[in-house]
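Given next are the chains, with one letter for each unit.
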Amino acid sequence: MGPHLTHLTTPNPTTSPRTTRNPKDTMRLQKTVVTGKPRDAVFDYLSDFTTTTEWDPGTVVTVNHHGDGGTGTTYLNTSTFLGRRTQLTYVVREFIPGERIRLRGENMTVIAVDTMTFRSVDAGTEVTYTAEFTFKGPSRLLAPLLRPAFERLGQQAQTGMRAALNQL
């Protein structure tokens, strides 16, 4: 299946797509999945952010609120995390067919920047999913304590994504 990156770090403030907050308030989670499916099919599936209900275990529902899936499209995502239900409004910030999609989600306690990059490999397609979480207000103080829970969620999402892609 190839290498699978699994790490949770604090992003480099000079290379992070968003640097307006203190980097210590941000967690970066990155996972890589390799599937034997063609890149166009994998991109088409994952760039429709409503499919998170099929592969992301934390997602309760994601609906396309407005748009055609490209830049500017708005999604409403409802998820559970540590037993609490939360909703984020995501906006597609970058959409390069077959290569990359970047979304920015926000609510009262967190800003999430999710980036998926796609590349063809001998085995099929490699997807690298990066999620950066920047905590706001009092939740910033809890961020370091949440690292293990985010890592578990990332592992589960990686497993779910691999299973969903292999069924395409």
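Conventions and cut-offs
Residues numbered from 1 in each chain as written. Predicted model: local features only at pLDDT ≥ 70, side-chain atom pairs only at ≥ 80, totals over all residues. Heavy atoms only, no water. Helix = DSSP H or I, 4+ residues; strand = E, 2+ residues; numbered from the N terminus. Buried < 20%, exposed > 50% of the residue type's maximum accessible area, 1.4 Å probe, protein only. Contact = heavy atoms within 4.5 Å. Areas by Shrake-Rupley, 256 points an atom, 1.4 Å probe, with all protein chains shown as cover. Salt bridge = Lys/Arg side-chain N within 4 Å of Asp/Glu carboxyl O. Core = buried A, V, L, I, M, F, W, Y, C linked by side-chain atoms within 4.5 Å. pLDDT = per-residue confidence, 0-100. Axes fitted to C-alpha atoms, helices over the stretch in contact; angles between N-to-C directions. Parallel < 35°, antiparallel > 145°, perpendicular 65-115°, else oblique. Left-handed = near helix turned anticlockwise from the far one by under 90°. Nonpolar A, V, L, I, M, F, W, Y, C, P; charged D, E, K, R; others polar. Polar contact = N/O pair within 3.5 Å; in protein donor to acceptor, adjacent residues only side chain to side chain.

A. Seen up close, the overall build of the protein chain. Scanning the protein chain from terminus to terminus reveals 3 helices and 8 strands. Along the protein chain, from the amino end to the carboxyl end, the secondary structure elements read β-β-α-α-β-β-β-β-β-β-α. Residues counted as buried form 46% of the 168 residues belonging to the protein chain. At a minimum sequence separation of 6, the contacts of the protein chain that also span at least 24 residues come to 52%. Of the accessible surface of the protein chain, which amounts to about 8,500 Å², a share of 53% is contributed by carbon and sulfur atoms.

B. Highlighting the pattern of salt bridges. Summed over the entire model, instances satisfying the criterion amount to 7 salt bridges. The residue glutamate 132 makes a salt bridge to arginine 28 at a minimum N-O spacing of 3.5 Å. Of this pair, glutamate 132 sits in strand S8 (residues 124-135) while arginine 28 sits in strand S2 (residues 26-35), placing them 104 residues apart in sequence. With a relative accessible area of 4%, glutamate 132 lands in the buried category.

C. Expanded view of the nonpolar core. In terms of nonpolar packing, the biggest core is built from 30 residues, with Leu46, Trp55, Met116, Phe118, Phe135, Met161 and Leu165 touching the most fellow members. Secondary structure elements with two or more residues in this core: S2, helix H1 (39-47), strand S5 (84-96), strand S6 (100-106), strand S7 (110-121), S8 and helix H3 (139-166). The element that contributes the greatest number of residues to this core is H3, accounting for 7 residues. Among residues more than four places away in sequence, those in contact with methionine 161 are Val33, Leu46, Trp55, Met116, Val127 and Tyr129.

D. Here's a closer look at the confidence of the model for the protein chain. Summarising the model, the protein chain shows a mean pLDDT of 86, and 85% of its residues fall at 70 or more. When the elements of the protein chain are averaged for pLDDT, strand S1 (residues 6-9) gives the smallest value, 36, and S6 the largest, 98. Here residues 1-21 is modelled with pLDDT under 50, and outside its nearest four sequence neighbours on either side it reaches 58 contacts, counting other chains as well.

E. Unusual backbone geometry, seen in detail. Positioned with a positive phi, leucine 82 is a non-glycine residue whose angle comes to about 50 degrees. Structurally, the position occupied by leucine 82 is in the loop between strand S4 (74-81) and S5.

F. Focus on the packing of H1 against H3. The N-to-C vectors of H1 and H3 enclose an angle of 125 degrees; their axes lie 11 Å apart at closest approach. Regarding the angle of H1 to H3, the classification is oblique. Seen from above, H1 lies across H3 with right-handed handedness. On H3, the residues that touch Val42, Tyr45 and Leu46 of H1 are Met161, Ala164 and Leu165. Broken down by class, the residue content of the contact of H1 with H3 amounts to 6 nonpolar, no polar and no charged.

G. Main features of the environment of glutamate 54. With respect to the helices and strands, glutamate 54 occurs in helix H2 (residues 52-55). Once the C-alpha coordinates of glutamate 54 and glycine 160 are considered, the two residues, 106 residues apart in sequence, prove to be 7.6 Å apart. Only 2.6 Å separates the side chain of glutamate 54 from the side chain of tyrosine 45, close enough to count as a polar contact.

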